[in-house]
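Listed below, chain by chain, are the residues.
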Amino acid sequence: LTLAAVLPQRNLTYPWAWPRVGPAVRLAAAAVNSRRDLLPDFTLGWVFGNSEDRHGVCSEMAAPLVAVDLRLAHHPAAFLGPGCVYSAAPVARFTSHWQLPLVTAGAEAHGFDDKSEEFGLTTRAGPSHRKLGELGVQLHRRFNWTRRALLVYWDERVDDRPYYFAAEGLYVQLPTLRNLTVMDVVFRHGGNFSFIIQEIKAKGR
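Residues numbered from 1 in each chain as written. Predicted model: local features only at pLDDT ≥ 70, side-chain atom pairs only at ≥ 80, totals over all residues. Heavy atoms only, no water.

## Regarding a nonpolar patch on the surface
Judged by side-chain polarity, Leu132, Leu135, Leu139, Phe143 and Trp145 come together as a nonpolar surface patch covering roughly 470 Å² of accessible area. Mapped onto the secondary structure, Trp145 falls in the loop between helix H4 (129–142) and strand S6 (148–154). (Patch = residues over 30% accessible without salt bridge, like charges linked within 9 Å, V, L, I, M, F, W, Y side chains within 5 Å. Areas by Shrake-Rupley, 256 points an atom, 1.4 Å probe, with all protein chains shown as cover. Salt bridge = Lys/Arg side-chain N within 4 Å of Asp/Glu carboxyl O. Helix = DSSP H or I, 4+ residues; strand = E, 2+ residues; numbered from the N terminus.)

Below is the structure:
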């Protein structure tokens with residue numbers, strides 16, 4: 001019985017990088033194999049595939065290719081990772097097509113909440129931005145903020161766009177409050193901060 005891990009091989013800026021997760025996978029496999037009552041007549045093993053590109057960042061191209069290679073070569077029973085949003089999405093679509101479960105500590109984006117089709121077999125073991133959005137809703141109810149919400153976030157459109165996806169959770173959930181207007185202001189490196197301040201002044205009240 002094989003578990004396929006598709007994770008960053010060296011980049012420790014990711015909490016789900018293989019040097020962090022690999023020891024836990026090895027310990028878990030050893031613990032399962034030491035208990036013959038858990039998986040009788042099976043031995044749990046694992047194979048690893050690197051989801052990084054040549055620059056060491058999560059790759060939406062490398063991850064699905066590695067997943068397909070592991071599927072054809074090893075016929076795994078489940079996938080672990082990827083964690084990054086843009087690399088997890090295509091792999092999750094493949095694993096759903098293959099009818100195999102995918103477990104990830106990442107994939108926080110709101111879109112992974114849709115379990116009706118492509119992400120039906122994806123399980124997130126970590127936090128999701130939907131939960132952040134639900135927290136925002138509860139805060140608005142608690143403090144009676146009923147008219148307007150302004151989301152200000154950084155977005156460079158590179159790598160995994162963590163601030164964009166975090167803001168998305170709020171952007172999708174806050175409109176569930178009646179009559180609440182939700183607006184957003186995006187800023188980038190080298191942006192016009194005077195303009196951003198004016199936008200906050202104009203839209204945040």
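Anyway, onward from the coordinates.
## Quick look at the domain arrangement of the chain
Segmenting the chain into domains produces domain 1 (2–124) and domain 2 (129–204). Taking both partners together, domain 1 and domain 2 bury about 890 Å²; carbon and sulfur atoms supply 55% of that area. Looking at the side of domain 1 facing domain 2, the largest losses of area belong to Tyr86, Glu108 and His110, adding up to 61% of the total buried there. In this assembly, domain 1 and domain 2 are joined by 1 salt bridge. For the salt bridge of Asp113 with Arg130, the shortest nitrogen-to-oxygen distance reads 3.9 Å. At the boundary of domain 1 and domain 2, one finds 4 residue pairs in polar contact (both at pLDDT 80 or more). Taken together, the residues that form the side of domain 1 that touches domain 2 break down as 7 nonpolar, 1 polar and 2 charged. (Domains from an automatic or database assignment. Buried area = accessible area lost by both parts, 1.4 Å probe. Polar contact = N/O pair within 3.5 Å; in protein donor to acceptor, adjacent residues only side chain to side chain. Nonpolar A, V, L, I, M, F, W, Y, C, P; charged D, E, K, R; others polar.)

## Details of the packing of helix H2 (residues 62–74) against helix H3 (residues 85–97)
The relative placement of two packed helices is expressed as an angle between their axes plus a distance between the axes. Taken N-terminus to C-terminus, the directions of H2 and H3 make an angle of 30°; their axes are 8 Å apart at the nearest point. With respect to each other, H2 and H3 are oriented roughly parallel. Along this stretch, H2 crosses H3, giving a crossing that reads as right-handed. Counting all contacts with H2, which are made through Ala63, Pro64, Ala67 and Val68, the residues of H3 involved are Ser87, Pro90, Val91 and Phe94. Its residues assigned to classes, the contact of H2 with H3 shows 7 nonpolar, 1 polar and no charged. (Axes fitted to C-alpha atoms, helices over the stretch in contact; angles between N-to-C directions. Parallel < 35°, antiparallel > 145°, perpendicular 65-115°, else oblique. Left-handed = near helix turned anticlockwise from the far one by under 90°. Contact = heavy atoms within 4.5 Å.)

## Considering the packing of aromatic side chains
Applying the stated criterion to the full structure yields 9 aromatic pairs. Judged by centre distance (5.1 Å) and plane angle (80°), the rings of Tyr164 and Phe165 are edge-to-face. Residue classification places Phe165 among the buried residues on the basis of a relative accessible area of 8%. Site record: aromatic cluster; members linked through ring pairs are Trp18, Trp46 and Phe48. The positively charged end of Arg161 is found above the aromatic ring belonging to Tyr164, 4.1 Å away from the centroid. (Phe/Tyr/Trp six-rings, centres within 6.5 Å; stacked < 30°, edge-to-face > 60°. Buried < 20%, exposed > 50% of the residue type's maximum accessible area, 1.4 Å probe, protein only. Lys NZ or Arg CZ within 6 Å of the ring centre and 35° of its normal.)

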